[in-house]
Structures are given as structure tokens and as C-alpha cells.
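# Overview (structure and organization)
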Amino acid sequence: FKMEKNPKQIYNGYIKGGIMRGKFIVFEGSDGSGKTTILNNIKEYLDEHGYDYVLTREPGGTRIAEMVRDILLSNHDEEMSHRTEALLFAASRAQHVDQIIRPNLEKGKLVISDRFYMSSLAYQAYGRELGYDGVMSINEFAIDGIKPDCTIFFNVDPITVLNRKKKQVEADRLESEEDSYHKRVYEGYQKLLEREDDNLIIIDARKSIEEVTKASLDKLLEIIGG
Ligand code: TYD
């Protein structure tokens, strides 16, 4: 076995505002869509084939954002107000954009993020019923013009998720929210899917992990020209 000496560069970045910009791909989906497992499989493939990329996640991805993540996901913060929650997600996103996403895109790198502001629209605007406009406006401020080139969305209905979830033992604060919340998040995502543009790819995530991995990997490679 030989280590790949020259990682595969993604040469199809483009020039924006006079600077080279890499591609920014976001993976989205509700809890239980298998997103984490599928992203691990994709990571394995990209590593094996010597791709040069940055994989990051929300909420988190930087030291400060990980600290905010701990506050958000801690089981002890049941008294957190929904607006505080929305602002903390947006705050961790701003840090993530400034420290990881923008600098790497400016280097022409492929950046893959596990969730981005579409999550806040689904979970905070619809799930917490804070409304689209308010949540969108704090996120416009947070992302500072950085939008995904493509969002790959794992679509799965709440019934399938519930059945998958029964196998899980421990749930964090957000996961242990009542079913009506998750139903609103699901319906919120469906509304966003109707609203969103051609940069959105919807994958049927009711299928097996292997099938969903293959479908999303094929799409990803198509986008990055690999
Ligand atoms: P995480 O453990 O990363 O879950 P997953 O593997 O499903 O991504 O926790 C992220 C949780 O935070 C998840 O329940 C979705 C929620 N979330 C929001 O409510 N708003 C947001 O803006 C983001 C990024 C995540």
C-alpha cells in the first residue's frame, strides 16, 4: 500500500469577485436521515481516492463554535429561549464561515459541510415557529454572502425515522424534543424544498444506507467533476 503523494485537486473552482473560489457543498437532512453515517462513507471514498477537501460540521467546526454547540446540545438547558437558540446557531455559523468555510473557498478548496443555514430555517423558523423572515435575516448576517454551490438533501419521512430511532438508546436535548417538533421540522424542510432553487439535490433517504451513499456520492462527484 502506497500513500497518495499528490492529493487530487479540484480544478473546477471559479473566480468570484476577482478571487479563486472552491466549491461549497452542504449536506442536509432531518435527525435520523442517516446523514452522519453516509457522510462517513463519503469521507472514506474521498480519502481512498486522494481527494483534497475540507469536511466540517454545524453546529461546530471551530473551537468557539464547538463551545456554542455544547451549550446548544446540553441536556441541562431546557430553559433556553427559542430566540437564544436561533441566535446561538447563527453565532456558531458566523464563526464557522469566517474561520473555516470562507478561507478554504478562497484557497480554491472543496468544502463539505454537514448542515448549514437551511437547518436553522427548518429547525428554528419552522420547528420552533420563529418564522422564516426573522431566522433568515439573522442568518444572512451570519453567512455574510457565503452560499452553498449545492445542497444535497436526505429526504426521509418521520415514520421511517421513528422506527430507526427506536434502536437508539440515548438522545441529546434536541433529539429528545417531542414528536410535534420533529413533525414541524419535517414539514418545514418540505416547504424549503419547494422554495429552494436548482442548487438543491433531493435524495430519497428511505432507502438503504448503501443505496443512499451511492446516490449522494454519484451526485457529489458529478458536481466536483471527479
Ligand atoms: P447533531 O448531533 O450534529 O445531529 P445530526 O447528526 O442530526 O446533524 O446535532 C445537530 C442538531 O442541531 C440537530 O438536531 C439539528 C440541530 N440544528 C438546529 O436546530 N439548527 C441549526 O442551525 C443546526 C445547524 C442544527
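The following refers to the structure shown. Source: prediction; values computed, not measured.

Conventions used here
Numbers given to residues run from 1 along each chain, matching the order in which its sequence is written. Thresholds applied to this predicted model are a pLDDT of at least 70 for local features of residues and 80 or more for the giving and counting of side-chain atom pairs; totals over whole chains, interfaces and linings are not thresholded and use all residues. The basis for the side-chain values is all heavy atoms of the structure; hydrogens and waters are excluded. Numbering of helices and strands runs from the N terminus, with a helix taken as a DSSP run of H or I at least four residues long and a strand as a DSSP run of E at least two residues long. Relative accessibility under 20% of the residue-type maximum defines a buried residue, over 50% an exposed one, and the middle range a partly exposed one, all with a 1.4 Å probe and only protein chains included. Throughout, a contact is declared for two residues whenever any of their heavy atoms are within 4.5 Å. Per-residue accessibility takes into account occlusion by the displayed protein chains alone, with areas from the Shrake-Rupley method and a 1.4 Å probe. Only when DSSP finds a minimum of two bridges between them are two strands counted as paired. Nearness here has a simple test: a residue counts as near a molecule or strand if at least one of its heavy atoms is within 4 Å of that partner. Whenever two N or O atoms come within 3.5 Å, that pair is a polar contact, provided that in protein one can donate a hydrogen and the other can accept it, and provided that, for residues adjacent in sequence, both atoms are side-chain atoms. Only Asp, Glu, Lys and Arg are considered charged, only Ala, Val, Leu, Ile, Met, Phe, Trp, Tyr, Cys and Pro nonpolar, and every remaining residue, Gly among them, polar. Angular values range over 0 to 180 degrees, each being the angle between N-to-C directions of two axes fitted as lines to C-alpha atoms, with helices fitted over their stretch in contact. In a helix, the anticipated span is given by 1.5 Å times the number of residues less one. Values of bend correspond, residue by residue, to the angle between axes fitted over the seven residues ending at that residue and the seven starting there. By the definition adopted for this analysis, an angle is roughly parallel if under 35 degrees, roughly antiparallel if over 145, roughly perpendicular if from 65 to 115, and oblique otherwise. In this scheme the crossing of two helices becomes right-handed for a clockwise turn of the near helix relative to the far one and left-handed for an anticlockwise turn of less than a right angle. Nonpolar cores were defined as sets of buried Ala, Val, Leu, Ile, Met, Phe, Trp, Tyr and Cys residues, with membership established by side-chain atoms within 4.5 Å.

### So, the overall build of the protein
The helix and strand tally for the protein stands at eight helices and seven strands. Within the protein, the fraction of its 226 residues that count as buried is 49%. A fraction of 80% describes how many contacts in the protein between residues 6 or more apart in sequence connect residues 24 or more apart. Per element, the accessible surface of the protein, about 12000 Å² overall, is 52% carbon and sulfur.

### Brief notes about the pairing of strand β5 (residues 110-114)
Most of β5 is tucked away: five of the five residues are buried. By the alternation rule, side chains of β5 split into Leu 110, Ile 112 and Asp 114 and Val 111 and Ser 113, which are all buried. In this sheet, β5 lies alongside strand β4 (residues 53-57) in parallel orientation, the contact comprising five bridges. Note on β5: the bridge partner recorded for Leu 55 is Ile 112.

### Topic: the site of the ligand
Around the ligand, the surrounding shell holds 15 residues, and the nearest of these are Lys 35, Arg 93, Arg 115, Ser 120 and Gln 124. The contact in question runs from an oxygen atom of the ligand to an N or O atom on the side chain of Lys 35, over 2.9 Å. In the model, a nitrogen atom of the ligand is placed 2.8 Å from a nitrogen or oxygen of the Gln 124 side chain. Summarising the interface, the protein chains cover 91% of the accessible area of the ligand, which totals 540 Å² for the free molecule. Only α1 (35-48), α2 (63-73), α3 (82-106) and α4 (117-127) provide two or more residues apiece to the shell around the ligand. Ranked by residues supplied to the shell around the ligand, first place goes to α4 with four residues. Among the residues forming the shell around the ligand, the class breakdown is five nonpolar, four polar and six charged.

### Thoughts on the sheet that holds β4
With parallel pairing, the five strands of this open sheet are ordered in space as β4-β5-β3-β6-β7. The outermost strands of the open sheet, each flanked by one partner alone, are β4 and β7 (200-204). The sheet shows a mean angle of 20 degrees between the axes of neighbouring strands, direction not considered. Judged from the four bridges that link them, strand β3 (residues 24-29) and β5 form a sheet pairing that is parallel.

### Considerations on α3
Here α3 spans 34 Å end to end across 25 residues, near enough to the 36 Å set by a 1.5 Å rise per residue. Its axis deflected by about 50 degrees at Val 97, α3 carries its strongest bend there. Where α3 terminates, the next one or two residues include Gly 108, which has phi positive at roughly 85 degrees.

### Describing the packing of α4 against helix α7 (residues 179-195)
Closest axis-to-axis distance for the α4/α7 pair is 8 Å, and the angle between their directions is 125 degrees. Relative to α7, α4 is oriented oblique. As for how α4 packs across α7, the hand of that crossing is right-handed. Across the interface between the two elements, Met 118, Ser 119, Leu 121, Ala 122, Tyr 123, Gln 124, Tyr 126 and Gly 127 from α4 touch Tyr 181, Arg 184, Val 185, Gly 188, Tyr 189, Lys 191, Leu 192, Leu 193 and Arg 195 from α7. When grouped by side-chain class, the residues that make up the contact of α4 with α7 number ten nonpolar, four polar and three charged.

### Considering the nonpolar core
Residues Phe 24, Ile 101, Phe 116, Met 118, Leu 121, Tyr 189 and Leu 192 are the most contacted members of the largest nonpolar core, which totals 28 residues. Of all elements in the fold, only β3, α3, α4, α5 (132-143) and α7 reach the threshold of two or more residues within this core. The element contributing the most residues to this core is α4, with seven residues. Discounting chain neighbours no more than four positions away, the residues touching Phe 24 are Ile 101, Leu 105, Val 111, Ser 113, Phe 116, Ile 146, Lys 147, Pro 148, Asp 149 and Cys 150. Tyr 51, Tyr 53, Phe 154 and Ile 201 belong to the second-largest nonpolar core, a separate cluster that totals 24 residues.

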